[in-house]
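This is what each chain is made of:
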Amino acid sequence: MRTGEAARRRAAARLDSLARLLSVVGWPAGATVARRLRDDLLDGAPGAAVASPLGCFTRRVGRSGTLDWLTRGIGSVRNEDARAAGVSGPAARAGGNVTARYRPWVASFNCRKG
């Protein structure tokens, strides 16, 4: 698997996780956008076509005070417990509550054009 393809799959997996979270907290429009961006990445859309909408979306999610408020203090997990459960990537390194875990997903997107 090429590096670019692996990066797309990682980004798609994170968008899929983010879509599930947004659906659970009652942000269906955000979940739909995350799924659409995930599908674009998996369908091989040019990076330049995905970068701008992905950047706008992840900024909006990352800055959402409502999402922060809804997720703050719930689902606390220690880093060691996350790794023991097989969680990997930014979520495993974040530890803490749901807010501490979704923010690295959002920040992990590489939105450079190309």
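Conventions adopted
- Residues numbered from 1 in each chain as written.
- Predicted model: local features only at pLDDT ≥ 70, side-chain atom pairs only at ≥ 80, totals over all residues.
- Heavy atoms only, no water.
- Helix = DSSP H or I, 4+ residues; strand = E, 2+ residues; numbered from the N terminus.
- Buried < 20%, exposed > 50% of the residue type's maximum accessible area, 1.4 Å probe, protein only.
- Contact = heavy atoms within 4.5 Å.
- Areas by Shrake-Rupley, 256 points an atom, 1.4 Å probe, with all protein chains shown as cover.
- Axes fitted to C-alpha atoms, helices over the stretch in contact; angles between N-to-C directions.
- Parallel < 35°, antiparallel > 145°, perpendicular 65-115°, else oblique.
- Left-handed = near helix turned anticlockwise from the far one by under 90°.
- Nonpolar A, V, L, I, M, F, W, Y, C, P; charged D, E, K, R; others polar.
- Expected span 1.5 Å × (residues − 1).
- Arc of directions from axis to C-beta.
- Polar contact = N/O pair within 3.5 Å; in protein donor to acceptor, adjacent residues only side chain to side chain.
- pLDDT = per-residue confidence, 0-100.

Describe the overall build of the chain, and please don't skip the residues or the numbers.
Along the backbone of the chain there are 7 helices and 0 strands. Per-residue burial for the chain yields a buried fraction of 38% across its 114 residues. For the chain, contacts bridging at least 24 residues in sequence account for 62% of all contacts bridging at least 6. About 6600 Å² of surface is accessible on the chain, with carbon and sulfur atoms providing 53% of the total.

I'd like a rundown of the packing of helix α2 (residues 28-42) against helix α3 (residues 47-63), residues and numbers included.
Each pair of packed helices gets described by two things: the angle between the helix axes and the distance between those axes. Look at α2 against α3: their axes get within 11 Å of each other, and the N-to-C directions meet at 150°. With respect to α3, the axis of α2 lies roughly antiparallel. As α2 runs across α3, the sense of the crossing is left-handed. Contacts between α2 and α3 involve Gly 30, Val 33, Ala 34, Leu 37, Asp 40 and Leu 41 on the former and, on the latter, Val 50, Pro 53, Leu 54, Phe 57 and Arg 60. Of the residues belonging to the contact of α2 with α3, the class tally is 8 nonpolar, 1 polar and 2 charged.

Outline the side chain of Asp 68, supporting the account with residue identities and numerical values.
Here Asp 68 lies in helix α4 (residues 65-71). Relative accessible area serves as the criterion here: at 11%, Asp 68 is assigned to the buried category. Setting aside its immediate chain neighbours within four residues, Asp 68 contacts Thr 99, Tyr 102 and Arg 103.

A description of α3 should follow, citing residues and the corresponding values.
Over its 17 residues, α3 extends 23 Å from the first C-alpha to the last, a length consistent with the 24 Å expected when each residue adds 1.5 Å. Turning to α3, its buried residues are Gly 47, Val 50, Ala 51, Leu 54, Gly 55, Phe 57, Thr 58 and Val 61. Where α3 is buried, its residues touch α1 (3-24), α2, α4 and α7 (98-107).

Any details on α7? Residues and values, ideally.
Where α7 is concerned, the buried positions are Val 98, Thr 99, Arg 101, Tyr 102, Trp 105 and Val 106. What you see down the axis of α7 is that its buried residues fit within an arc of 165°, all on one side. Among the residues of α7, the N-terminal cap falls to Asn 97, whose side-chain oxygen and the backbone nitrogen of Thr 99 are separated by 3.0 Å.

Hey, could you go over the confidence of the model for the chain for me, with residue numbers and the actual values?
Looking at the chain, pLDDT values average 84 and 89% of them are 70 or higher. Per-element averaging of pLDDT across the chain places helix α6 (residues 89-94) at the bottom with 66 and α2 at the top with 96.

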